[in-house]
Amino acid sequence: MKSFTITEFIRLIVLSLLILWGFFLIKPFIGVFTWGVILAVALFPLFQKLLSVFGEKHKKKATFIFTIVVVALLIVPTYSMVSSLFSNLNDTLTAIQNNELKITPPSEKVKDWPVFGERVYNNWQELSVNSKNYAIKHKDFLLEKGSSTIKRFTGLIGTILSFLISFIIAVVFMSNAKGAFQSASDFANKLVGDIKGTEMLLIARDTVRNVVKGILFVAIIQAFLCFIGFKLIGIPGPAIFAFIVMIAAIVQIPVTLVVIPTIFIAYSISDSSAVATIFTVYIIIISLLDNVLKPILLSKGLETPMLLIILGALGGMLLHGIIGIFIGTVLLSVLHKLYMAWIDSKEEIVLAE
């Protein structure tokens, strides 16, 4: 066995320190960079179709249009939601201070809600009679919950900004797709040896696209359709409820459980039981829509165990915030797929010499 010389040992130490130093330098950006890679892999087929329309000569123009369209699709609804929430919050606080806040008294049906019906009715009734006294009486609770809500909302804005940065990174990768794939392929081959690295990389690419289509895209569709229903029936804060639906769908919590409170609210605020019943049927169908959409959108099927998906979503959220839901889910799915490919391979994978 060849022994290390002092010089080689020092080189190894210095190289390790440099790598460790580099890691700490890029550590704050790992989540954003990872999400950028995921976006690039998921959106590249769409980018490629647009590029085929414009032609290779107009690549910069196609990239610019693609970027503007996607950013607009993200910024416009986000700005609308943020401005609406801030405007409503400001108007509500002003109305409470002037004792001018008008809240519709609860229906007697609210008392019939299981478990918490009586309590909700009493608080709702007290708030509708005199909002100012209610706010003074529950000042500590409202301040505590209000400050925590504002902090979470600020975190959501930060997440959206992180997403925009990630998208810019994704555009850079997509505009130089061949070079990026070749670089990643060379790196993977160095790690695994021969051409096995490229094969594993292709498996990772397909898995990312399957997860994005089968989980993230389905969650967005469900949230959007639920938002339409919430808006039409007059559910307060429809954007917030729709966002909760999307998070639940990603984390693989049954969406039906999430929309149950909106059904209670619908029956409370609607003047017609028939309208509330139609809303209930609609929202239940939407909550079960993933059982139909997933088999259609998953071209090869998602073989990742449900437990890994839940752990990836929850662990990612704890580690990176809301954006971690996406990163954790996709990362564990990719790792599971790579693990299964390694286990099922007939030939032993040998590290490159």
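Residues numbered from 1 in each chain as written. Predicted model: local features only at pLDDT ≥ 70, side-chain atom pairs only at ≥ 80, totals over all residues. Heavy atoms only, no water.

Turning our attention to the environment of I247. Summarising the element assignment, I247 is placed in helix α9 (residues 238-251). For I247, a relative accessible area of 16% corresponds to the buried category. Considering only alpha carbons, one finds I247 and A313, 66 residues apart in sequence, at a separation of 9.3 Å. (Helix = DSSP H or I, 4+ residues; strand = E, 2+ residues; numbered from the N terminus. Buried < 20%, exposed > 50% of the residue type's maximum accessible area, 1.4 Å probe, protein only.)

Okay, the packing of helix α10 (residues 255-269) against helix α11 (residues 273-287) next. It is at 10 Å that the axes of α10 and α11 come closest, and there the two elements cross at 170°. One finds that α10 runs roughly antiparallel with respect to α11. Touching V255, T256, V259, T262, I263, A266 and Y267 of α10 are S273, A276, T277, F279, T280, I283, I284 and S287, all from α11. Looking at the contact of α10 with α11 residue by residue, the class counts come to nine nonpolar, six polar and no charged. (Axes fitted to C-alpha atoms, helices over the stretch in contact; angles between N-to-C directions. Parallel < 35°, antiparallel > 145°, perpendicular 65-115°, else oblique. Contact = heavy atoms within 4.5 Å. Nonpolar A, V, L, I, M, F, W, Y, C, P; charged D, E, K, R; others polar.)

Under the criterion given, the structure shown has seven aromatic pairs. Relative to F173, the ring of F33 lies with its centre 5.6 Å away and its plane at 75°, an arrangement referred to as edge-to-face. Of this pair, F33 sits in helix α2 (residues 30-54) while F173 sits in helix α6 (residues 139-175), and the two are 140 residues apart along the sequence. Overall, F173 belongs to the partly exposed group, its relative accessible area being 26%. Linked through ring pairs, F44, F47, F66 and F167 together constitute an aromatic cluster. (Phe/Tyr/Trp six-rings, centres within 6.5 Å; stacked < 30°, edge-to-face > 60°.)

In this section: α9. For α9, which comprises 14 residues, the first-to-last C-alpha distance of 20 Å matches the rise-based estimate of 20 Å (1.5 Å per residue) to within 8%. For α9, the full list of buried residues reads P238, A242, V245, M246, I247, A248, A249, I250 and V251. Once α9 ends, the next one or two residues include Q252, with phi positive near 70°. (Expected span 1.5 Å × (residues − 1).)

Next up on the list: the layout of surface pockets. Unfilled space is identified by rolling a water-sized probe across the atoms. The computed volume of the second largest pocket comes to approximately 1400 Å³. Lining the second largest pocket are 42 residues, with V37, V41, A184, L201 and A204 sitting closest to its centre. If you list the elements that add at least two residues to the lining of the second largest pocket, you get α2, α6, α7 (177-192), α8 (196-233), α13 (306-320) and α14 (323-344). With 11 residues, the single largest contributor to the lining of the second largest pocket is α2. The class makeup of the residues in the lining of the second largest pocket is 31 nonpolar, nine polar and two charged. (1 Å grid on protein atoms, 1.4 Å probe; cavity = no way out; pocket = protein on both sides within 12 Å on 5 of 7 lines; lining within 4 Å. Points joined across faces, edges and corners; volume = space filled by probe spheres on them.)

For the rest of this paragraph, the subject is the confidence of the model for the protein chain. Of the residues in the protein chain, 67% have a pLDDT of 70 or more, and the chain-wide mean is 75. At the low end of the mean pLDDT range in the protein chain sits helix α5 (residues 131-137), at 60; at the high end sits helix α1 (residues 6-26), at 89. When the criterion is pLDDT under 50, residues 349-353 qualifies, and its contacts beyond four places in sequence or with other chains add up to 11 contacts. (pLDDT = per-residue confidence, 0-100.)

Looking at soluble globular proteins, one finds that nonpolar side chains tend to be buried together. One finds M174, F230 and F279 to be the most contacted residues of the largest nonpolar core, which totals 48 residues. Those elements that place two or more of their residues in this core are α2, α3 (59-97), α6, α8, α9, α10, α11 and α14. Not counting chain neighbours up to four residues away, the residues in contact with F279 comprise G229, F230, I233, I235, T262, I263 and A266. (Core = buried A, V, L, I, M, F, W, Y, C linked by side-chain atoms within 4.5 Å.)

Below, the discussion takes up the side chain of S287. Within the secondary structure layout, S287 lies in helix α11. A relative accessible area of 3% means that S287 is categorised as buried. Within the structure, S287 has its side chain in polar contact with the backbone oxygen of I284 (distance 2.6 Å). Excluding anything up to four places from it in sequence, S287 contacts Q222, V255, T256 and V259. (Polar contact = N/O pair within 3.5 Å; in protein donor to acceptor, adjacent residues only side chain to side chain.)

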